[in-house]
Amino acid sequence: MKAEICIPTYKRPEAINELLQRYLGIFTRMGFDMHIFDSSDDSETKEVFDGYSGGNRNLFYHKIDPQIHSNMKVYSIYEEFASGDYDYIWVQSDSIRWTVESLELIIEAIKSNKYDLIVPNYRDVEKIGTREYQDFNDFFLDCAWHLTLYGAVVLKKTVFKNVDWIYLRDKYGIPERINFSHVGMYFEQISKMDQFKAYHISLPEYSLTSTLFKKESGWRKDTFFIHCECWPSVITALPDVYKNKTEVIKKQGKNSGDLTIEGIKRLRAENVLTAEVIRNYSSVWKKVSDISLARIYLYAYLSPNMAKALMKDVQNEKRLKRRIKKFCKSYEKIYIYGCGQKGDAFSHFLDDMNINYEGFLISRGKVDKTILRGKPVWEIDDNIAENEKAGIVMALNRLNTRQVLESLTEINMKAGIFT
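The rules we used
Residue numbers here run from 1 along each chain, matching the order of that chain's written sequence. Local features in this predicted model are restricted to residues whose pLDDT is 70 or higher, and side-chain atom pairs enter the listing and the counts only when it is 80 or higher, whereas totals over whole chains, interfaces and linings include all residues. Excluding hydrogens and water, the side-chain figures rest on all heavy atoms present in the structure. Convention adopted: a line fitted to C-alpha atoms gives each axis, helices being fitted over their contacting stretch, and angles between N-to-C directions are expressed from 0 to 180 degrees. Secondary structure is summarised from DSSP: a helix means a run of H or I of at least four residues, a strand means a run of E of at least two, and numbering begins at the N terminus for each. Any angle between 65 and 115 degrees counts as roughly perpendicular, while under 35 counts as roughly parallel, over 145 as roughly antiparallel, and the rest as oblique. Helix crossings are classified by the rotation of the near helix relative to the far one: an anticlockwise turn of less than a right angle makes the crossing left-handed, while a clockwise turn makes it right-handed. Contacts between residues were defined by any pair of non-hydrogen atoms, one from each residue, lying within 4.5 Å. Residue types Ala, Val, Leu, Ile, Met, Phe, Trp, Tyr and Cys, when buried and joined through side-chain atoms within 4.5 Å, form a set referred to as a nonpolar core. Type-normalised accessible area, obtained with a 1.4 Å probe on protein chains alone, sets the label of each residue: buried when under 20%, exposed when over 50%, and partly exposed for intermediate values. By definition here, a helix of n residues has an expected span of 1.5 Å times n minus one. The angle separating two fitted axes, one through the seven residues that finish at a residue and one through the seven that start at it, defines the bend at that residue.

> Got a minute to help me understand the packing of helix α3 (residues 70–82) against helix α6 (residues 165–172) in this structure?
Angle between the axes and distance between the axes are the two parameters that describe a pair of packed helices. Relative orientation of the contacting elements α3 and α6 amounts to 165°, with a least axis distance of 12 Å. Considering their axes alone, α3 and α6 lie roughly antiparallel with respect to each other. Considering the relative orientation of α3 and α6, their crossing is right-handed. Within the contact between the two elements, α3 uses Met72, Tyr75, Ser76, Tyr78, Glu79 and Ala82 and α6 uses Trp165, Leu168, Arg169 and Tyr172.

> Honestly, the nonpolar core in this entry has me stumped. Any pointers?
Nonpolar side chains tend to gather and get buried jointly when the protein is soluble and globular. By size, the foremost hydrophobic cluster in this structure holds 67 residues, and its most contacted members are Tyr78, Phe139, Leu155, Phe160, Phe187, Phe224 and Ile264. The greatest single-element share of this core, amounting to 8 residues, is contributed by helix α8 (residues 223–237). The contacts of Ile264, once residues within four sequence positions are left out, are Phe224, Asp258, Leu259, Leu273, Trp285, Ile291, Ile296 and Tyr299. Counting residues in each nonpolar core, the second largest holds 33 residues, with Ile16, Ile107, Ala109 and Leu203 among its members.

> Please clarify how unusual backbone geometry should be interpreted in this entry.
For residues that are not glycine, phi is negative in most cases, and the peptide bond is trans in most cases. Here Lys11, not a glycine, exhibits a phi torsion of approximately 55°, which is positive. Among the secondary structure elements, Lys11 is positioned in the loop between β1 (3–9) and α1 (13–29). Residue classification places Lys11 among the partly exposed residues on the basis of a relative accessible area of 32%.

> Please explain α8 as it appears in this structure.
Residues three or four positions apart in an α-helix share a direction because the helix packs 3.6 residues into each turn. Spanning 15 residues, α8 covers 20 Å between terminal C-alpha atoms, matching the ideal 21 Å at 1.5 Å per step. Within α8, the axis deviates most sharply at Cys230, by approximately 30°, and proline Pro232 lies no more than four positions further along. Looking only at α8, the buried set comprises Thr223, Phe224, Ile226, His227, Cys228, Cys230, Trp231, Pro232, Ser233, Val234, Ile235 and Ala237.

Read these as spatial facts, not as claims about activity.
See below:
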């Protein structure tokens, strides 16, 4: 099967550099061609691309108009695919990073050539599990909310049979629907298929992470517009063959975590939730959430600092910091093992507690950066591992922590380890 991964990007050359450095070889070995669709109004991303393109026949660059809405850029990518010679397309955000283990499961499903849609799901909050779908209403009910993410679905050419792009752009390219216009397209096309087969792959939460170069979500400040206006508008506009639209509308806010109690606390802490916002959407609130309006108003009138203090993540962070502080007191030199999201987060913890650390450690042969937050990044070596006065704070997901701990048993490990 001939498959392509398409990455729309805008002015994030560091993220593209990291992506190509870490994944170009992996994607190439797995049989993917990689297409970068750059809408930046400068040449920095192109310069990064040029550094990797020499002699690589699986890497392609496309320059696109920065004035076009990002979702309409994705429509153009899909339209080009529909008339091209690839069998599968996987559009991904430039910020997401899949584990190799999850990629292997996805490529296995592609190679089977059995499915019109393949849905890798690292946030299987409803415990659907790995399963096939042949009823599009079952698929709609379980998976529509997750398909909002760029990267949540691999599409086969069969989905793009007889696409009316003018109709789709007119229907879903309007302001109150454009943010989820890709979801509208998926289900419009599915409804026209004589036969339909999708494959949902349930993955561990750590199967997907975000680059450290990701900026805050561009629509975070518009969270309530997205959940209360845009999502319901798209779902309501879908063909009448789709049932359970009311339930699907509520799932988006709940399953994404935004319109849960913890999500509401966070939105108030960020000052996205205000009494004025709730007043604006009070008439539709029951359609998008089971949380009572009275409770939402209660949080809306808390101070942002108070809402933050009530967040479980903040309370857990405080407990974790106390444990780390106690561990670090026992060692003269502190290292953080891991230089991804968790490594960055743990370095913030140490800085907050005024605990000095030497730098970051990574496994041998895994170098993808040499500096992070002004500190050096080293491969683990015997001098550190055999130093009884060194303390290593593990900042990895569960799987990677287990793998690293197993690898450390092969050396004379005397340094202290915090997990």
